[in-house]
Each structure stands twice: as C-alpha cells, then as structure tokens.
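As a plain string of letters, each chain reads:
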Amino acid sequence: KQEVTQIPAALSVPEGENLVLNCSFTDSAIYNLQWFRQDPGKGLTSLLLIQSSQREQTSGRLNASLDKSSGRSTLYIAASQPGDSATYLCAVYNAGNMLTFGGGTRLMVKP
Amino acid sequence: DTGVSQNPRHKITKRGQNVTFRCDPISEHNRLYWYRQTLGQGPEFLTYFQNEAQLEKSRLLSDRFSAERPKGSFSTLEIQRTEQGDSAMYLCASSSTTGTGGEKLFFGSGTQLSVL
C-alpha cells in the first residue's frame with residue numbers, strides 16, 4: 001500500500017524567505033506526482049505535475065523536483081509572500097488509478 | 001470549461017438522516033473520483049468511475065455509502081443513516097484518460113458535511 005509523508009507538518013516563515021517542502025512515498029511505481037494548494041475550507045488547486053520520467057517542473061516562483069528511485073519530492077518556493085499561506089499537499093498517482101495524498105504542510109508566511 | 005462543480009457547498013444534517021451530494025465534472029472527462037477529507041488530514045480516496053462504470057471502491061466506503069454516475073456525466077454520492085464520524089469535506093475530481101497512465105486530476109470546491 002502506498003504511503004505518502006510530508007515534512008514538516010507546519011511551517012511559519014517571514015516574508016521573503018525561500019523555503020522547501022518535503023514529500024516522501026514508499027512505492028516508487030508511480031505514474032506522476034502532483035503538488036496542490038488548499039486554502040482553508042476550500043478545494044484543491046493543482047500547482048505542478050511531474051511525470052515519472054521527469055526530474056522537475058517549474059511554474060513562476062515554484063519548482064518541484066522528483067527523485068523516483070529514492071521516493072522523494074521537494075517543492076521549492078522562492079521569495080515567499082503572505083499570499084502563499086495555505087496548506088500544500090503532495091499526491092502520487094499509482095497504478096491503481098488513484099491519487100494517494102500526504103497529510104499536507106500548513107504554511108504561514110508572516111508580513 | 002467551467003471546472004468541476006459540487007453542490008451543495010455546505011450541508012448540515014442530524015444524525016440518522018440521509019444526504020446526497022452532486023458532482024458535475026469537466027465536460028468530456030471520462031473519469032470521476034470521490035475523496036473524503038477530515039480536518040488537518042490529506043484527502044482519502046473513496047471511489048472512482050470510468051464513464052458510468054464504478055471501477056474501484058475503498059474500504060472506507062461502508063455499506064451506508066453509495067455512488068452513482070448513471071450516464072457517465074454527473075455523479076451523486078449518498079450517505080444513508082449519517083453518523084457524526086461522517087462529518088468531513090467530500091471532494092470530487094475528474095480527469096481524462098491518456099492511455100499511458102498518469103492523468104492530471106482537477107478538483108471541485110468540495111461539499112462540507114456536518115452531522116449533528
């Protein structure tokens with residue numbers, strides 16, 4: 001059974017800092033890995049999708065990397081802003097045609 | 001393309017009542033997924049459909065839960081005899097199969113259920 005873990009569970013940083021969110025998964029037989037953002041009481045917004053054959057994806061100030069063999073992904077956020085405050089979820093797409101999610105990292109960026 | 005739509009956004013019910021949620025996927029998406037998310041946790045898979053066929057069900061989906069997608073378009077999730085433990089955000093997602101695996105899922109805003 002695939003298990004996804006995100007560290008840290010919560011993070012508070014001052015505005016402007018660069019930060020790294022970590023995601024690990026136990027079964028490396030994945031099709032892709034997705035990073036989502038979730039604001040309180042809201043649905044999920046897809047940020048980045050990395051196919052299993054890829055090493056990284058970039059969108060604006062976000063960069064996600066994937067090391068499938070070691071079962072790890074990182075989400076790098078450059079020059080953080082208060083508007084980045086949210087929960088960030090990592091999810092892997094398995095052969096069973098479903099996404100398995102981690103527990104999320106709750107990020108607070110202080111002005 | 002208006003995205004994945006879920007109704008209602010919020011539902012408050014008394015224990016023992018039945019509730020039904022609706023999800024309208026992105027048009028032409030043939031796969032539709034239901035997830036449940038409790039406070040402070042990541043979403044957990046419940047079930048998914050390819051067109052009108054329900055292909056996978058999680059053990060989380062007890063006999064009180066039933067999902068349908070009668071014409072391969074919208075889907076409903078019904079919970080019978082609700083319990084306080086059913087209180088959660090119910091999320092719907094849709095995708096289009098690529099034939100090579102590794103689809104991108106698009107999520108709706110969810111239905112927040114509170115069972116009193």
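Going along each chain's sequence as written, the residues are numbered from 1 onward. Just so you know, chain letters begin at A and ligand numbers begin at 1, following the order they were written in. In keeping with the predicted nature of the model, local features appear solely for residues at pLDDT of at least 70, side-chain atom pairs appear and are counted solely at 80 or more, and the whole-chain, interface and lining totals rest on all residues. No hydrogens and no water enter the side-chain calculation; it runs on all heavy atoms of the structure.

### Quick notes on the interface of chain B and chain A
When the parts of a complex come together, some accessible area is lost, and that lost area is often taken as the interface size.
Then comes step 1: When checking whether two residues touch, look at their non-hydrogen atoms; a contact exists if any pair is within 4.5 Å. Each side of the interface is counted separately: chain B has 23 residues, and chain A has 22 residues.
Then comes step 2: A buried area of about 1700 Å², summed over both sides, lies between chain B and chain A, and 54% of it is on carbon and sulfur atoms.
Then comes step 3: Elements that contribute at least two residues to the side of chain B that touches chain A include exactly β4 (31-37), β5 (44-50) and β9 (88-95) of chain B.
Then comes step 4: Broken down by element, the residue count for the side of chain B that touches chain A peaks at four residues, all from β4 of chain B.
Then comes step 5: Each residue receives one of three labels: charged for Asp, Glu, Lys and Arg, nonpolar for Ala, Val, Leu, Ile, Met, Phe, Trp, Tyr, Cys and Pro, and polar for the others, Gly being one of them. Class assignment for the residues of the side of chain B that touches chain A results in nine nonpolar, nine polar and five charged. Defined in terms of a 1.4 Å probe, buried area is the accessible area two parts forfeit on being brought together, summed over both. Starting at the N terminus, helices and strands are each numbered in turn, a helix being any DSSP run of H or I of at least four residues and a strand any DSSP run of E of at least two.

### Remarks on unusual backbone geometry
Then comes step 1: Cis geometry is adopted by the peptide bond preceding P8 of chain A, which originates at I7 of chain A and carries an omega value of 0°.
Then comes step 2: Turning to its location among the elements, P8 of chain A is positioned in the loop between β1 (4-7) and β2 (10-14).
Then comes step 3: The omega angle of the peptide bond from N7 of chain B to P8 of chain B is -10°, so this bond is cis rather than trans.
Then comes step 4: If you trace the backbone, P8 of chain B turns up in the loop between β1 (5-7) and β2 (10-13).
Then comes step 5: In this structure, N51 of chain B takes a positive phi of about 55° despite not being glycine.
Then comes step 6: Note that N51 of chain B resides in the loop between β5 and β6 (53-57).

### Considerations on the environment of R9 of chain B
Then comes step 1: Tracing the backbone shows R9 of chain B in the loop between β1 and β2.
Then comes step 2: Once the C-alpha coordinates of R9 of chain B and E83 of chain B are considered, the two residues, 74 residues apart in sequence, prove to be 19 Å apart.
Then comes step 3: Ignoring anything within four residues of it in the chain, the contact list for R9 of chain B reads G41 and K42 of chain A together with S109, G110, T111 and Q112 of chain B.

### Points about the state of the cysteines
Disulfide: a covalent bond connecting the sulfur atoms of a pair of cysteines.
Residue and element names in this part refer to chain B.
Then comes step 1: Put simply, a disulfide is two cysteine sulfurs that come within 2.5 Å. Evaluated as defined, the whole model comprises two disulfides over all chains.
Then comes step 2: Covalently, C23 is tied to C92 through a disulfide, its sulfur atoms 1.9 Å apart. Taking the sign of the S-S torsion, -70° for the link of C23 and C92, the bridge is left-handed. Note that C23 is positioned in strand β3 (residues 19-24) and C92 in strand β9, a separation of 69 residues in sequence.

### Regarding the confidence of the model for chain B
Keep in mind that low pLDDT regions are not for reading the predicted coordinates in detail.
Then comes step 1: Confidence in the prediction of chain B, expressed as mean pLDDT, is 92, and 95% of residues score 70 or more.
Then comes step 2: The predictor rates its confidence in each residue with pLDDT, a number between 0 and 100. The lowest-confidence element of chain B is β6 of chain B, averaging 90 in pLDDT; the highest-confidence one is β3 of chain B, averaging 98.

### Thoughts on the packing of aromatic side chains
Then comes step 1: Two rings from Phe, Tyr or Trp (for Trp, the six-membered ring) form a pair when their centres are within 6.5 Å of each other. A pair whose planes differ by under 30 degrees is stacked, one over 60 is edge-to-face, and the rest are tilted. Inspection of every chain in the model, using the stated rule, returns ten aromatic pairs over all chains.
Then comes step 2: Where F36 of chain A meets F107 of chain B, the ring centres are 5.4 Å apart and the plane angle is 85°; that geometry is what we call edge-to-face. Note that F36 of chain A is positioned in strand β4 (residues 30-38) and F107 of chain B in strand β10 (residues 106-107), a pairing that runs across two chains.
Then comes step 3: The interplanar angle of 55° and the centroid separation of 6.5 Å between the aromatic rings of F45 of chain B and Y48 of chain B together place this pair among those described as tilted.
Then comes step 4: The buried label goes to any residue with under 20% of its type's maximum accessible area, the exposed label to any with over 50%, and the partly exposed label to all in between, with areas taken from a 1.4 Å probe on protein chains only. For Y48 of chain B, a relative accessible area of 4% corresponds to the buried category.
Then comes step 5: Taken together, the aromatic side chains of F36 and F101 of chain A together with Y33, Y35, F45, Y48 and F107 of chain B make up a single cluster linked through ring pairs.
Then comes step 6: Counting as a charge over the ring demands two things of the Lys NZ or Arg CZ atom: a distance within 6 Å of the ring centre and an angle within 35 degrees of the ring normal. The ring of F74 of chain B has R22 of chain B sitting right over it, with the charged end atom 3.9 Å from the ring centre.

### Let's talk about the side chain of T111 of chain B
Then comes step 1: Tracing the sequence through the fold places T111 of chain B in strand β11 (residues 111-115).
Then comes step 2: With residues up to four places along the chain from it excluded, the contact list for T111 of chain B reads Q6, N7, P8, R9, F21, A88, M89 and Y90 of chain B.

### A word on the sheet that holds strand β7 (residues 62-67) of chain A
Residue and element names in this part refer to chain A.
Then comes step 1: Across the sheet, five strands lie side by side as β1-β3-β8-β7-β6; this open sheet has antiparallel pairing. Only two strands of the sheet have a single partner each, and these edge strands are β1 and β6 (56-59). The average angle at which neighbouring strand axes cross in this sheet is 15°, direction not considered.
Then comes step 2: For two strands to be treated as a pair, DSSP must find no fewer than two bridges joining them. Of the strand pairs in this sheet, strand β3 (residues 19-25) and strand β8 (residues 72-77) are connected by six bridges, and their pairing is antiparallel. Among the inter-strand pairings, N22 is bridged to a residue of β8, identified as T74. Under this scheme, a helix contributes an axis fitted over its contacting stretch, all axes are lines through C-alpha atoms, and angles between N-to-C directions fall in the 0 to 180 degree range.

### A closer look at the nonpolar core
Then comes step 1: Put simply, buried Ala, Val, Leu, Ile, Met, Phe, Trp, Tyr and Cys residues joined by side-chain atoms within 4.5 Å make one nonpolar core. Core analysis: the largest hydrophobic core is formed by 22 residues, its most contacted members being F25, L33, W35, L75, I77, Y88 and L107 of chain A.
Then comes step 2: Within the residue set of this core, elements represented by two or more residues are β3, β4, β5 (44-51), β7, β8, β9 (86-94) and β11 (105-110) of chain A.
Then comes step 3: The next biggest cluster of nonpolar side chains, apart from the first, holds 19 residues, and it includes V4, L46, A67 and Y90 of chain B.

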